[in-house]
Amino acid sequence: DDAKEEAIAKDRRQIEGTWQVAGLEINGNVVLEENARKLTVVNGADGTWSLWTEGKELSRGTSTFDPTTEPKELDFTPTTGDSKGQLFLGIYELGEDTRRMCFAPNGHPRPTEFEAPAGTGIICLKFERVAEE
């Protein structure tokens, strides 16, 4: 479907670059902003990503997008790190310089809302684009 491929390409271009975590909630627990902001994600236009903290790579992997659903869907698979090979189902929302995503633990159903209630294991993140130098 050409329209879907076009929408995927558009979102991939928009998500490409470096993003700082500006908010993080895990299973109903809000992480202190100063700790959340230690995390950055670098996204490639090809769907690759890497997660960093304080100059050290924690994990990397691949992702697929479906911007034709409501909310938009994101699946990602780490290729390194503790969760290597696991499939995570998520949702996302893209702004110009901000984005949100929530995802469920491996083997759990995809979230339907941008919430991480206690007992669900869902992780929700807010990101801000890092300006290129």
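Preceding block: the structure.
A short tour of the structure in this document, coming up. (Residues numbered from 1 in each chain as written. Predicted model: local features only at pLDDT ≥ 70, side-chain atom pairs only at ≥ 80, totals over all residues. Heavy atoms only, no water.)

### Some words on the pattern of salt bridges
Summed over all chains, the structure comprises 9 salt bridges. The salt bridge involving R60 is made with E57; its shortest N-O contact spans 2.7 Å. Judged by its relative accessible area of 28%, E57 falls in the partly exposed class. Salt bridges sharing common partners tie together E33, R37 and E128. (Salt bridge = Lys/Arg side-chain N within 4 Å of Asp/Glu carboxyl O. Buried < 20%, exposed > 50% of the residue type's maximum accessible area, 1.4 Å probe, protein only.)

### Things to note about helix α1 (residues 2-15)
In an α-helix, one turn spans 3.6 residues; hence positions three or four apart end up facing the same way. With 14 residues, α1 extends 20 Å between its outermost C-alpha atoms, agreeing within 8% with the 20 Å of an ideal straight helix rising 1.5 Å per residue. Here α1 has its buried residues at I8, D11, R12, Q14 and I15. Projected down its long axis, α1 shows its buried positions confined to an angular sector of 165°, all on one face. Exposed and facing more than 90 degrees away from the buried side of α1 are D2, A3, E6 and R13. Positive backbone phi, approximately 125°, marks G17, located one or two places after α1. (Helix = DSSP H or I, 4+ residues; strand = E, 2+ residues; numbered from the N terminus. Expected span 1.5 Å × (residues − 1). Arc of directions from axis to C-beta.)

### Some remarks on the state of the cysteines
Counted under the stated rule, the structure contains 1 disulfide. C102 shares a disulfide with C124; S-S distance 2.0 Å. Judged by the sign of its S-S torsion, about 110°, the cystine formed by C102 and C124 is right-handed. Within this pair, whereas C102 is found in strand β8 (residues 98-103), its partner C124 is found in strand β9 (residues 123-129), the two being separated by 22 residues in sequence. By relative accessible area, C102 is classed as buried at 1%. A relative accessible area of 10% means that C124 is categorised as buried. (Disulfide = S-S within 2.5 Å.)

### Some words on the packing of aromatic side chains
In this description, a pair of aromatic rings is defined by centroid distance and the angle of the planes. Counting across every chain of the model gives 5 aromatic pairs. Where F65 meets Y92, the ring centres are 5.3 Å apart and the plane angle is 75°; that geometry is what we call edge-to-face. Taken together, the positions of F65 in strand β5 (residues 56-66) and Y92 in strand β7 (residues 88-94) put the pair 27 residues apart, joining distant regions of the chain. Judged by relative accessible area, F65 falls into the buried class, the value being 8%. Overall, the relative accessible area of 4% leaves Y92 in the buried class. (Phe/Tyr/Trp six-rings, centres within 6.5 Å; stacked < 30°, edge-to-face > 60°.)

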